[in-house]
Structures are given as C-alpha cells and as structure tokens.
Amino acid sequence: MTDLETRELRYFVAVAEELHFGRAADRLGMAQPPLSRAIRQLEHRLGVRLLDRDRRGTALTDAGRVLLREARTALDAVTAAGRRTRRAADPARPLVLVTKAGASHELLQRLLDAVAGDPGQPPVEVLLCEVGEQAGLLRDGSADVAVMHRPVDDLDGFDTEDLLVEGQVAIVPARHPLAARDRLTMAEVSDVPDLPIARWPRLDGSYPDGPGPEVHTQSQLAQLVALGRTLLVIPASSRAWQWPEHVAVPVPDAPAITTVLAWPAGSRSPAVASLVRAATGLRDAGTPAP
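This structure is a prediction, so every number in the text was calculated from the model and none was measured.

This paragraph deals with the domain arrangement of the chain. The domains assigned to the chain are domain 1 (6–85), domain 2 (91–155 + 266–285) and domain 3 (168–251). Put simply, the middle of domain 1 and the middle of domain 2, counted by C-alpha atoms, are 33 Å apart. Counting residues at the interface gives six residues for domain 1 and six residues for domain 2. The junction of domain 1 with domain 2 conceals about 460 Å² of combined surface from both sides, 41% of it contributed by carbon and sulfur atoms. For the pair domain 1 and domain 2, the interface holds zero salt bridges. At the boundary of domain 1 with domain 2, the tally comes to zero residue pairs in polar contact (both at pLDDT 80 or more).

In structure tokens:
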C-alpha cells in the first residue's frame, strides 16, 4: 500500500490548481526545483502520470483529476479533525450553522427563535456565505451544520433532514416587460435576448457556457439584475434579499427545491443532534412555509 503524506497532497493540490509550477511554488512559499522533485517522486510512488507537461503548459491527466478530488477531500478532513477537536474541548462554544446569505430566511428565523426559547438547546452562531460554499465549510470543520438545497447544492458525504419543498421564482428587473407577467416558464426565462440568465461557477471553478454574466456574489448579482443586465431563477423563500428594483415572478415548471439541514455523515455531536430535532419539530408541527 502506498501511504500519502499531507505535505505531498498540499504540494500536488497547489500545482493542480495553478497548473504552473512557478505560481504553485510562490503560493507554497518554497522554491520551484524541490516542488518539481516532490511531484515527480509522487508520480513514481503511485506509478501513474499525474500531469502532462509540454511547451504549451501543464495539464492534469485523468489520474491527476482523480487525485485532485480525493486530495481536497483528504486535506479538508485533516483540517476538520483539528478544528473539531479544539472546539470539542470548549463545552460553552456555540454551534456554527452556515447558510447562503438570504436563503430560506423565514424558516431559519423560526428555527433560531425556537432554539433561543429552549434553555436545553446550545447557542447557535450563524455563518453567512456565498452560493455553493456551505459544503466546503462543513467539510473543513468551519461549520457544524448547514442549511442547503437539493438538487443544487453538493450534499455528497453529508447526512440530511428535509425541511421544506418549494417552487421557484424568476427575479427580473422591475422595468423589464417580464415584470408585468403573473407567471413564466423555464423556456421563457432561458431565452430572453436582452436579459440572459446569470452564470454561477461550477464546483471545479469553471463556468457553464452561455451569454449571461459570470457572477461570484449575491450582491454582484443583485446589482446586475437592478441594472437590467441579467435575471435568475431561485427558490421562492430565497428572495429575502430582493431589492425594490427587482420583481419576483413565479416559474411553475421550474424544478422543485428542497431545503435541507445537512451535517457531516456519522457525526456524534449532541449539539448537532439537538438542532436537528428542533428543526424537524418545526417541520412536523406544520410550520407554514415561507
């Protein structure tokens, strides 16, 4: 069996993400020659070529793409182990719940109110993030539990509890003709020449093809909608951040979105279990959907 060291994995991830040995060495704070030697030694030990190198640059092989995915997971697990161990030594620490800013706002408020009103529940610290960041924050131990959405979020490796199923709405500029409609179809919102759908990065950081603007943050997206440059389709409860310059129009044929509470699979945290019970209690009591 070939044992891999975390140092080797960090070296490889830096090179695989930069696809440039010089930039990777700068990022790692080391000289390039020892980094190149370390990657060659790693390839030799594994018996596979991880990178294709030629005059045009550096590219990942199929084996390299697999190792990049697995190495990120392994490094996140190592980081998470340290963070969770340190936090476990502090019984008074709050439970960290991460959620996309503006997502499932009313449901989250009800959950926090329920927790605050129960002296048996641990305190909850809310960590707000951008779209798609919850999974990484859970995996590296920065958060204990997350509000996430199926099928759009990465739920691989997490236990989940369904809380709410809802439809989606199109957020369009208030001055656009679409704002006067009482409903839209996915076909209609996907084919508006002067209002292309915004594009979020995939898990690997690349963007899907299309004419819409590339966006990184919800504040950036909100302003682009207000300026009449793009539209988006989101769960109905996620429009808490909607500006006065926006109008939400129902899209009945858009895929249903399920809001879930997610946490690392196999967690034995009593605080996480307590929060999950509180969330499912609200669901089972028939708390009205936002």
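Attention shifts here to helix H5 (residues 105–116). The first and last C-alpha atoms of H5 sit 16 Å apart over twelve residues, in line with the 16 Å expected at 1.5 Å per residue. Buried within H5 are the following residues: Leu-107, Leu-108, Leu-111 and Val-115. Down the axis of H5, the buried side of the element spans an arc of 95°, and every buried residue falls inside it. Looking at the buried positions of H5, the neighbouring elements they touch are strand S3 (95–100), strand S4 (124–129), strand S5 (145–150), strand S6 (158–166) and helix H9 (270–284).

Here we come to the UniProt feature "domain: HTH lysR-type" (unreviewed entry) in the chain. UniProt records the feature "domain: HTH lysR-type" (unreviewed entry) for residues 4–61 in the present numbering. As annotated, residues 4–61 comprises 62% helix and 14% strand, and the C-alpha atoms at either end are separated by 19 Å.

Attention now goes to the sheet that holds strand S8 (residues 232–235). Within the open sheet, the three strands sit side by side as S8-S7-S9. Their pairing is antiparallel. Where the open sheet ends on each side, the last strands, each with one partner, are S8 and strand S9 (246–251). Direction aside, the axes of adjacent strands within the sheet are offset by 35° on average.

Turning to the pattern of salt bridges, a few remarks are in order. Evaluation of the coordinates by the stated rule reveals 18 salt bridges. Salt-bridge contacts for Arg-7 lead to Glu-5; the nearest nitrogen and oxygen are separated by 3.1 Å. Residue classification places Glu-5 among the partly exposed positions, given a relative accessible area of 42%. The salt bridge partner of Glu-18 is Arg-27, with a shortest N-O separation of 3.2 Å. Take Glu-18: its relative accessible area is 24%, and that puts it in the partly exposed class. In the salt-bridge network here, residues are joined through shared partners; they are Glu-17, Glu-18, Arg-23, Arg-27 and Arg-72.

A separate point is the sheet that holds S3. Strand order in this open sheet of five strands is S4-S3-S5-S10-S6, and the pairing throughout is mixed. Each of the sheet's edge strands pairs with one partner strand only, and the pair in question is S4 and S6. Ignoring strand direction, the axes of neighbouring strands in this sheet form an average angle of 30°. With two bridges joining them, S3 and S5 adopt parallel strand pairing. Across the sheet, Leu-97 pairs through a bridge with Val-145, a residue of S5. Its contacts with the sheet place H9 against S3, S4, S5, S6 and strand S10 (257–264), and it is angled at close to 20° to S6.

A word on the environment of Ala-59. In this structure, Ala-59 sits in strand S2 (residues 57–60). Residue class for Ala-59 comes out partly exposed when judged on its relative accessible area of 35%. Along the backbone, Ala-59 and His-246 are 187 residues apart, and their C-alpha atoms lie at a distance of 42 Å. Ignoring any residue separated from it by four or fewer positions in sequence, one finds Ala-59 in contact with Leu-19, Leu-50, Leu-51 and Asp-52.

With that settled, consider the packing of helix H1 (residues 6–18) against helix H3 (residues 32–46). Between H1 and H3, the least distance of the axes is 10 Å, while the angle of their chain directions is 110°. Classified by the angle their axes make, H1 and H3 are roughly perpendicular. Taking contact as the criterion, the partners of Glu-8, Tyr-11, Phe-12 and Val-15 in H1 are, on H3, Leu-35, Ala-38, Ile-39, Leu-42 and Arg-45. For the contact of H1 with H3, the residue count by class is seven nonpolar, no polar and two charged.

Turning next to the side chain of Asp-144. Note on placement: Asp-144 falls in the loop between helix H6 (134–139) and S5. Look at Asp-144 and you get buried, because its relative accessible area is 8%. Of the polar contacts made by the side chain of Asp-144, one reaches the side chain of Arg-93; its length is 3.3 Å. Within the structure, the side chain of Asp-144 is placed 2.8 Å from the backbone nitrogen of Val-96, a separation counted as a polar contact.

Criteria and thresholds
- Residues numbered from 1 in each chain as written.
- Predicted model: local features only at pLDDT ≥ 70, side-chain atom pairs only at ≥ 80, totals over all residues.
- Heavy atoms only, no water.
- Domains from an automatic or database assignment.
- Contact = heavy atoms within 4.5 Å.
- Buried area = accessible area lost by both parts, 1.4 Å probe.
- Salt bridge = Lys/Arg side-chain N within 4 Å of Asp/Glu carboxyl O.
- Polar contact = N/O pair within 3.5 Å; in protein donor to acceptor, adjacent residues only side chain to side chain.
- Helix = DSSP H or I, 4+ residues; strand = E, 2+ residues; numbered from the N terminus.
- Expected span 1.5 Å × (residues − 1).
- Buried < 20%, exposed > 50% of the residue type's maximum accessible area, 1.4 Å probe, protein only.
- Arc of directions from axis to C-beta.
- UniProt positions renumbered as here; feature names shortened; annotations may be inferred.
- Pairing = 2+ DSSP bridges.
- Axes fitted to C-alpha atoms, helices over the stretch in contact; angles between N-to-C directions.
- Parallel < 35°, antiparallel > 145°, perpendicular 65-115°, else oblique.
- Nonpolar A, V, L, I, M, F, W, Y, C, P; charged D, E, K, R; others polar.

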